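The chain contents come next:
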Amino acid sequence: MKGQAMYSKPAVESNHVGTSPEEVEVLLAGGKGVRQPSFLRALLKAFGPYFLIGSAFKLLQDLITFINPQLLRMLIEFTKETGMPSWWGFSLAFMMFGCAVLQTLILHQHFQYCFVTGMRLRSAIIGAIYRKVSNPKRSSTVGEVVNLMSVDAQRFMDLTTFLNMLWSAPLQIILALYFLWQTLGPSVLAGVAVMVLLIPFNAVIAMKTKAYQVEQMQHKDMRIKLMNEILNGIKVLKLYAWEVSFREKVLQVRQKELAVLRKAAYLGSLSIMAWTSAPFLVALTTFAVYVSVDENNVLDAEKAFVSLSLFNILRFPLNMLPQVITSLVQANVSLKRIQTFLTHDELDPGNVDRNINAMVPQGSLLAVVGHVGCGKSSLVSALLGEMENLEGEISGSVAYVPQQAWIQNATLRDNILFGKPYVEQKYRCVLNACALTPDLDVLPGGDQTEIGEKGINLSGGQRQRVSLARALYSEADIYLLDDPLSAVDAHVAKHIFDNVIGPEGALRGKTRILVTHGISFLPQVDNILVLVEGTVSEMGSYQDLLKQNGAFAEFLRNYSLEDIIEDDDVMEEAWGAGAGEEEGPSGKAHPGRDCRDWPGELLATVPMWLQLQEGWVKFSVYWDYAKAVGPLLSLFICFLYAGQSAAAIGANIWLSQWTNDRSDSPASCSDSPLLSLSMPGTMVMFSSFTLALGKIQAARKLHQGLLDNKFHTPQAFFDTTPIGRIINRFSKDIYVIDEALPSTVLMFLGTVFASLATMIVIISSTPIFSVVVGPLALIYFFVQRFYVATSRQLKRLESVSRSPIYSHFSETITGTSVIRAYGRNGDFVLMSDMKVDENQKSYYPGIVSNRWLGVRIEFIGNCVVLFAGLFAVLGKEKLSPGLVGLSVSYALQVTMSLNWMVRMTSDLESNIVAVERVKEYSETPSEAPWEVENKKPPNEWPPEGNVEFADYSVRYREGLELVLRNISLKVKGGEKIGIVGRTGAGKSSMTLCLFRLLEAASGEIIIDGVKIAEIGLHDLRSKLTIIPQEPVLFSGTLRMNLDPFEKYSDDDIWNVLKLSHLHKFVSNQPAKLDLECSEGGENLSVGQRQLVCLARALLRKSRILILDEATAAIDLETDDLIQSTIRTQFEDCTVFTIAHRLNTIMDYTRVLVLDKGQIAEFDTPTNLIAQKGIFYGMVKDAGLA
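Calculation rules
- Per chain, residue numbering runs from 1 following the sequence as it is written.
- It should be noted that, the model being predicted, local features are given only for residues of pLDDT at least 70 and side-chain atom pairs only at 80 or more, the latter also being counted only at that level, while totals for whole chains, interfaces and linings use all residues.
- Side-chain figures throughout are based on the complete set of non-hydrogen atoms in the structure, without hydrogens or water.
- The pairing criterion for strands is at least two bridges between them, as found by DSSP.
- Helical segments are the DSSP runs of H or I of at least four residues, strand segments are the runs of E of at least two, and each set is numbered from the N terminus.
- To get an axis, a line is fitted to the C-alpha atoms, and for a helix only the part in contact is used. The angle between two axes follows their N-to-C directions and goes from 0 to 180 degrees.
- Just so you know how the angles are binned, under 35 degrees is roughly parallel, over 145 roughly antiparallel, 65 to 115 roughly perpendicular, and the rest oblique.
- Each helix crossing is assigned a hand: it is left-handed if the near helix lies turned anticlockwise from the far helix by less than a right angle, otherwise right-handed if that turn is clockwise.
- Residues are grouped as follows: Ala, Val, Leu, Ile, Met, Phe, Trp, Tyr, Cys and Pro are nonpolar; Asp, Glu, Lys and Arg are charged; all remaining types, including Gly, are polar.
- For each residue, the accessible area found with a 1.4 Å probe, counting protein chains only, is set against the maximum for its type, and the residue is called buried under 20%, exposed over 50%, and partly exposed in between.
- In what follows, residue pairs with any heavy atoms lying within 4.5 Å of each other are defined as contacts.
- Two aromatic rings, drawn from Phe, Tyr or Trp (for Trp, its six-membered ring), form a pair once their centres lie within 6.5 Å of each other, and the interplanar angle then sorts them: stacked below 30 degrees, edge-to-face above 60, tilted otherwise.
- Each reported salt bridge corresponds to a side-chain nitrogen of Lys or Arg within 4 Å of a carboxyl oxygen of Asp or Glu.
- Summary of the metric used: pLDDT quantifies the predictor's per-residue confidence within the range 0 to 100.
- What a helix is expected to span follows from its residue count: subtract one and scale by 1.5 Å.

With that out of the way, let us pick up the sheet that holds strand 11 (residues 962-971). The antiparallel open sheet is built from 4 strands, whose spatial order is 11-10-13-14. One side of each edge strand has no neighbouring strand; the edge strands of this open sheet are strand 11 and strand 14 (1010-1011). Alignment of strand 10 (residues 947-955) against strand 11, held across 6 bridges, turns out to be antiparallel. Note that in strand 11 the partner of phenylalanine 949 across the bridge is leucine 969.

What follows covers unusual backbone geometry. For the bond running from tryptophan 941 to proline 942, omega is -5 degrees, close enough to zero to count as cis. Within the secondary structure layout, proline 942 lies in the loop between helix 31 (881-922) and strand 10. Not every positive phi belongs to a glycine, and arginine 996 is a case in point at roughly 60 degrees. One can find arginine 996 in the loop between helix 32 (987-994) and strand 13 (1000-1007). Its identity is not glycine, yet lysine 1172 carries a phi of approximately 55 degrees, on the positive side. Residue placement: lysine 1172 occurs in the loop between helix 39 (1165-1171) and helix 40 (1174-1181).

In contact at an axis separation of 9 Å, helix 30 (residues 825-874) and helix 31 are set at 165 degrees when each is read in the N-to-C sense. As the angle between them shows, helix 30 and helix 31 are arranged roughly antiparallel. Seen from above, helix 30 lies across helix 31 with right-handed handedness. Partitioned by chemical class, the residues of the contact of helix 30 with helix 31 number 14 nonpolar, 7 polar and 3 charged.

This part takes up the environment of leucine 40. Relative to the elements of secondary structure, leucine 40 occurs in helix 2 (residues 39-65). What makes leucine 40 partly exposed here is its relative accessible area of 42%. Those residues within four positions of leucine 40 in sequence are excluded, and the remaining contacts are Leu335 and Gln339.

Right, let's talk about the pairing of strand 8 (residues 527-532) for a bit. Most of strand 8 sits out of view: 5 of its 6 residues are buried. Strand direction decides the pairing type here: strand 8 and strand 9 (residues 535-540), joined by 5 bridges, are antiparallel. Bridge pairing links valine 530 to glutamate 538 in strand 9. Connecting strand 8 to the antiparallel partner strand 9 that follows it, the hairpin turn spans 2 residues, and glutamate 533 within it adopts a positive phi of roughly 50 degrees.

This part is about the packing of aromatic side chains. Within this structure, the stated rule accounts for 27 aromatic pairs. An angle of 65 degrees between the planes, with centres 5.9 Å apart, marks the rings of phenylalanine 97 and phenylalanine 859 as edge-to-face. In this pair, phenylalanine 97 is assigned in helix 4 (residues 86-133) and phenylalanine 859 in helix 30, connecting sequence segments 762 residues apart. Here phenylalanine 97 falls in the buried class, since its relative accessible area comes to 16%. Residue class for phenylalanine 859 comes out partly exposed when judged on its relative accessible area of 42%. Measuring from centroid to centroid gives 5.6 Å for phenylalanine 717 and phenylalanine 718, while their planes differ by 85 degrees, and the two rings are edge-to-face. Like phenylalanine 717, the residue phenylalanine 718 is buried in the burial classification.

Moving on, we get to the pattern of salt bridges. For side chains of opposite charge, pairing can occur when their charged atoms come near one another. Counted by the stated rule, this structure contains 29 salt bridges. The salt bridge involving aspartate 733 is made with arginine 917; its shortest N-O contact spans 2.7 Å. Of this pair, aspartate 733 sits in helix 27 (residues 723-765) while arginine 917 sits in helix 31, and the two are 184 residues apart along the sequence. Considered together, aspartate 733 and arginine 917 belong to a single accessibility category, that of buried residues. One connected set of salt bridges, linked through shared partners, spans Arg223, Arg254, Glu257 and Asp738.

For the protein chain, the average pLDDT comes to 78, and 86% of its residues sit at 70 or higher. Note on residues 386-393: pLDDT under 50 across the span, and 35 contacts to partners over four residues away in sequence or across chains. Segment residues 560-612: pLDDT under 50, and 120 contacts once partners within four positions in sequence are set aside and those in other chains are kept.

So, on to helix 3 (residues 67-80). With 14 residues, helix 3 should cover 20 Å at 1.5 Å per step; its first-to-last C-alpha distance of 21 Å lies within 8% of that length. Most of helix 3 is tucked away, with 10 of its 14 residues classed as buried. Along helix 3, the positions that sit buried rather than exposed are Asn68, Pro69, Gln70, Leu71, Leu72, Arg73, Leu75, Ile76, Phe78 and Thr79.

By the criterion of burial, helix 32 is predominantly enclosed, with 8 of the 8 residues buried. Listed in full, the buried residues belonging to helix 32 are Lys987, Ser988, Ser989, Met990, Thr991, Leu992, Cys993 and Leu994. Directly beyond the C-terminal end of helix 32, a positive phi value near 60 degrees is found at arginine 996.

Within the fold, cysteine 434 resides in the loop between helix 13 (424-433) and helix 14 (437-442). Take cysteine 434: its relative accessible area is 0%, and that puts it in the buried class. When the C-alpha atoms of cysteine 434 and alanine 469 are compared, they prove to be 6.0 Å apart, with 35 residues separating the residues in sequence.

Attention now moves to the environment of lysine 420. Relative to the assigned elements, lysine 420 resides in the loop between helix 12 (412-417) and helix 13. Those residues within four positions of lysine 420 in sequence are excluded, and the remaining contacts are Tyr473 and Ser474.

And the structure:
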C-alpha cells in the first residue's frame, strides 16, 4: 500500500488526520457528553501549589502590618507622660523600624512567588494557543488570535500579582476594625457603615466598566483585523489610490473605540473619587459620632492618630479590592475567549468536492485539470486532511507544494531543508532541478540570504521554485503539487517539468498528483483527472480521454493542441539551442525584486535588536505626550494634583490642632472639620476628570498621526519592515497609550505629591528632621536611577524579543497546511517555545530587579520612620502629642508612597516608550503628496493614452543597483504592448514606475504631455488601472471590494460582473452584491479573486491598463475569457501586459523584451520572430513558432 493514494467519499465518518493520541483522548472525552473541558481547572492543577507558598508569606505580612499602630500608640503615650525613661522611647522607635524591615522582606518573598507564577502562566497560555493553531481549520482571524496571545495572556499575568488580595484584603479589613473597636468603641460602626455604603456604588461602576471593556475589545479586534488586512494589501491600496476610503473605515472604528474609552474614563474618575475620599469620610464620621455620643469621650492625640494610621491601613485593601475584582472580571472575559478558542473543532465539514473516487497507482503521475473554482485545490486540501474528507485515506509520507508558495522568514537554505539534515550533493541536485542555481549567484548572501516575511525579497517565480525545492528535498512518497508551474516563465516551467515532475524527472517512481493549467505537459502524464464543478467527469490517459470525446477533448479543442504534440521533438531541440544556451536554465535573474529587502551586508542576518533604542527616554518624548494632551491642560492637571495633596495635609493638620484643643478644653467642638475633610474628595474628582479629557485627546491625536503617516509611507518601507512590527505599533503601543499610560500618569502625579506632602509635614513638625532628608534623598535617587536604567533596558529587550513570537506565529497560521503536510508540527511548536523562552530570559530578570528595588526603597522608608520616631523622642519636651502623632503616622505612610513613586517612574518610562515608538513610525519619510493643487491634470486626462519613457532609470531603494537602466520608448494611445523577459529582468518594476511606487532615479515618464512626476499620486493612480499579480481582496462586501468610494450605481456593477464572467457566481449567492468576502478573500478561489480584480479594472475603465502576470492562476478557458474581455472592452485603451503565456500577446501591436533592466528588443511580434532573437527563442520554447 505504501505510496498509494486512495480517495473516495461515500460514507460519513469524521477523520482527524495527524492527531496525536493525547489529542484523540481529549476529543473522545469531549464527545461523551462529559462536562466541558475546563481551562481553569487545568491552570489550577498546574500552577496552584507553587502559588500557595506565596500566599502563606502574604498571610504573615498581613499580621505584622498591625503591630506598628500599636507601637505608635505607645509612642504617643510616652510623649504624654513626663516621667518615662528615654531608652523606652528609643527602643519603641527601633521596634517600629525592625517591624517594618521584617514586613518588607516577607512581602517581597510573596511578590516573587506571584510574579513567577504569572510568567509561567503566560508561557503556558501562549504554548496552548500555538499548539491549537498548528491544527487546521481556524475559525478565528489572525488578528483575533494574536490578541489572545498578547492581551489576554497578559491579563492573566497581571491578575496573579493581585490574586492573593482576594482573601488578604478582607482579612486586613477585619483586623483593622478589631483594633479600631478597641480604640474608639462602637462609634467605629459609623465609619464602617460609610465604607459599606461605598461598596455597592463601586460595584455598579465595576459592572458598567466591564460592559465597556467587552465592547472596546470588540472594536479593538475589529480595528487590528482591518489594519492587518490593510498592511497586507497596502500595495494594492496604493495602486488603486484607495487609501482614503480605508482610512475612513479605520477612523470610524477608532471613533467608536474612543467613545467607549471616554465613558469608561469618566466612570473611572467617579470611582477614584469615591475611594480617595473614603478614608477622610470614614475618619470624619467616626470621630464626629465618637465625640457626640458621649460627653466623656475625649478625642485626644493618641486615639486620633492611632485610629488614623489604622484607617490608612484599611485604605489599601479597600482600594485594592475593586481593582482585583475588575482584574478578575477582565481575566474571566479572557478566560472565556481562550477557552472557546481552545475548544474549537479541529476540522470542519463543508466541502466542495461532491463525490470523488480515484485510485492513483503507486509511482504514477496524475494530472488534475478543470476550470476555476471547480474544486482542484480543494481536492488537494482534502487529500491533506485539511478539509474533512468524509472517507478515504492516503498512505505514505506526503510533500506538498501549495498554489501560493509559503516561505518562512529564515535563510534560503533553511527554507529548502525544512528541518531535514543537510546533504551537500542531494542539495545541489535539488537546486539544479528547480532552476535555482542561477538565482543564488544573484542573492547577496547566496543560500544563506535571510528571506523576509512571506518571502518578500524573492520574486513570485523564485518563491514557487523554493517551495518546489522544499518538496523535492523532503523525499516523500506522495507529492501533491498544486499548480506549481503557474508563477514561472514558460521555459523555466519546461525545465522544471522535465527535471522534476515529468516521466524523466527527479520524482519518477513517486506518486505525483499535479494540478495544472498548462496543457503542454498533459501528453506526458500517466493519468488525467478532469473535475467539473466538484465531481470527477472523466479520468484516464491522454489518448483515452481524446478518444472518449468528452469534456476533456472539448477543453483541448479550444486550444488547438495538435501542433504542440507534433512539436514535442522540436521543443527538445529548441531547448538545446536558442535562448536556453546562452543563459542557463533560469536565466541570470537580475537583482530586481531579489534584494529589495535590506542592503547587502545586512541581508545575511537581520537581527531583531536593530530596533533597540539605548539610554534615557528623551525629555522630548514626554513633551510630545504633553503636547498631545494639550500643553495648558497638562499644566492645569499638575496644578490640580498639587491642590489635592495640599487639601489632604490641611485636613490632617487641622485634626492635630483639634486634638490638642480638645485635651485642653473638652467643650470646644466645631463644625469646621466637615469643610476641611470634604475638600480633598472634590479636588480628586476634578483632577481625574481633566486627566480623562486629556487622555482621550492624546489617544486620538497619536493614533491619527500614526495612521495618516502609514498611509503616506512609500512602498519600500513596507517591503523592508515586517508587518508584525507595524501591527505591534497599532495594537500593543496604542493600547498602552489608550489605557496603561493615563493610569500610570495619574498614579505618578498622585505619589509624587503625596511623598512631597509627607516630607513637608514631618519637617514642619520636627524641623531637625531636615538634616536626615538630604542623605536619604541622595540614596533614594541613586537606587532609583540604577534601577530605572536597568529595568528600562530589560523592558526594551523584553518587548523586542516579544515580536518574533507573534511574527513566527502569524507565519505558522499562513503555512499550516504546508507544515502539517510535511509533519513538522512538533518542530514548529518547539520553535515557538524557544522564542517564548528567549522572551522570558529578559522578563525574569525584570521581576527580580523589581524585588531588589523594593527591598532597598522600603529600607529608606523605614529609616524615615526610625528618624521621625527618634526625633519625636528627643524633642518630647517641646512637641505636643498631636504633632508627634501627625509626623509619625505620616512617616508610616511614606514607605508606601516612596515605593510606588519609583515603580511609577519606571512604569511611566516604560509606558512612555510606547509614545516614542508610535512617534517613530509617525515620522517615517512620506511619499509624494496625493494631490498637488496647482498641478492637477484635467478631468478627462489622459485623453489618448500616449506613454513615453524618456531615458528612464529606477532603483528599488537608495544604495541598490538600478533595476531599469536608461529606458526610452514611445507608445501611442491604443497600442497593446506585451512585456516579456526572464524572471527578475525588471518587468514588474516597469509597471511600478508608471504608478510611481518607485520614483525615478533619472529620466521621466510622460503620459499625454503630462510629466507624471509632477502631479499628485492619487491624481496619477486613479487614472491608471492595474490588474495585479496577486489578487488581493479585503474583508467586507463584494460591492465594497469593487467600489469602495461608492461612485457607481448597482447597474454599473452588475454590468462589469457580466463582462468579467462572475455574473453567474454572484447572482447564485443569496446576498448578491453584499456577499461577504472573508479575510484575504479566502472564500473565493484564486481564479475568482482574479476575476474580481478584472471587474475592478472594468469598472474604472481608464485609458491605460496594466496587466501584471494576471493570468498565472487561471485555467486556459477563463484566461481566454479575460483576454477577449480585455480585447473588446479596452479596445481603444493602451494596454501593457506582462506575459507568461506567450500566446496571450502574439496578436499585440508590439512586444517589449527586457533583459537585465534594459530594452533588448522592441517591435511587432512577427518582426521579432523573423529576427530570430531572444523573443524567437522564447516562442519556440512555448511551442508557438
